[in-house]
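Architecture and fold: a report
Letter by letter, the chains look like this.
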Amino acid sequence: MKGQQNRDAEQLRTRLSAWARHHRRPLGLTGAAVAACMAGVWLAVVPDKAADTSGVQELAIRWGHPACWALLAVVGVLVAIDVPKRARDGVGIAAAACYAAFIAGMLL
């Protein structure tokens, strides 16, 4: 019974992976469009705390979140044009670093 469940789960993962590879262009471009919109939103919506800080903390609060979304938009485009995973991962890590800076700026 357990062996059959494992085979079924592996088959499902394989089919989903194949479906995602086949549809990578529309999925990547849709993700890029959504992330670009979010970057625009966070350029306009600046947390109030940014006005109370200065220096690196203000920079992290004001620009960390939109930079994260902009980098995620780049990841979407890289997925759509089928850039190697290593390059996509690098941009994704940069997005995570921007978000971490934003969170750190908000907590300090």
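Just so it is clear, the structure is predicted and the values come from calculations on it, not from any experiment.

This part takes up the overall build of the protein chain. A tally of helices and strands in the protein chain yields four helices and zero strands. Compactness check: the protein chain gives a C-alpha radius of gyration of 18 Å against a globular reference of 13 Å for 108 residues, more than 25% above the reference. Across its three principal directions, the C-alpha atoms of the protein chain cover 60 × 30 × 25 Å. Look at the contacts in the protein chain between residues 6 or more apart in sequence, and 66% of them connect residues 24 or more apart.

Residues Leu29, Val77 and Ile81 make up a contiguous nonpolar surface patch of roughly 260 Å² in combined accessible area. Within the fold, valine 77 resides in helix H3 (residues 55-80). Take valine 77: its relative accessible area is 36%, and that puts it in the partly exposed class.

A few words on the side chain of histidine 65. Note that histidine 65 resides in helix H3. Classification of histidine 65 as buried rests on a relative accessible area of 9%. Non-local contacts of histidine 65, meaning those with residues more than four positions away in its chain, are made with Trp42, Ala60, Tyr99 and Phe102.

A complete count under the given rule lists two aromatic pairs for this structure. Geometrically, the ring pair formed by tryptophan 42 and phenylalanine 102 is edge-to-face, given 6.4 Å between the ring centres and 65 degrees between the ring planes. Linking tryptophan 42 in helix H2 (residues 24-44) with phenylalanine 102 in helix H4 (residues 85-107), this pair joins segments that are 60 residues apart in sequence. Relative accessible area serves as the criterion here: at 22%, tryptophan 42 is assigned to the partly exposed category. Relative accessible area serves as the criterion here: at 7%, phenylalanine 102 is assigned to the buried category. Ring centres 6.0 Å apart and planes at 35 degrees place the aromatic pair tyrosine 99 and phenylalanine 102 in the tilted group. Here tyrosine 99 and its partner phenylalanine 102 are both found in helix H4, three residues apart, which amounts to about one turn of the helix.

Along its 23 residues, H4 runs 32 Å from first to last C-alpha, staying within 8% of the 33 Å computed at 1.5 Å per residue. Those residues of H4 lying buried are Val91, Ala95, Phe102 and Gly105. Here the buried face of H4 lies against H3.

Taken as a whole, the protein chain shows an average pLDDT of 92; of its residues, 99% reach a score of 70 or greater. Predicted confidence in the protein chain is weakest over helix H1 (residues 2-22), with a mean pLDDT of 84, and strongest over H4, with 96.

Within the fold, alanine 39 resides in helix H2. Along the sequence, alanine 39 and glutamine 11 sit 28 residues apart, while their C-alpha atoms lie 37 Å from each other. Dropping the residues within four chain positions of it, alanine 39 is found in contact with Pro66, Trp69 and Ala70.

As for its position among the elements, alanine 9 is in helix H1. Separated by 52 residues in the primary sequence, alanine 9 and isoleucine 61 place their C-alpha atoms 42 Å from one another.

Rules used in this analysis
- Residues numbered from 1 in each chain as written.
- Predicted model: local features only at pLDDT ≥ 70, side-chain atom pairs only at ≥ 80, totals over all residues.
- Heavy atoms only, no water.
- Helix = DSSP H or I, 4+ residues; strand = E, 2+ residues; numbered from the N terminus.
- Rg over C-alpha atoms; globule rule 2.2 N^0.38 Å.
- Contact = heavy atoms within 4.5 Å.
- Patch = residues over 30% accessible without salt bridge, like charges linked within 9 Å, V, L, I, M, F, W, Y side chains within 5 Å.
- Areas by Shrake-Rupley, 256 points an atom, 1.4 Å probe, with all protein chains shown as cover.
- Salt bridge = Lys/Arg side-chain N within 4 Å of Asp/Glu carboxyl O.
- Buried < 20%, exposed > 50% of the residue type's maximum accessible area, 1.4 Å probe, protein only.
- Phe/Tyr/Trp six-rings, centres within 6.5 Å; stacked < 30°, edge-to-face > 60°.
- Expected span 1.5 Å × (residues − 1).
- pLDDT = per-residue confidence, 0-100.

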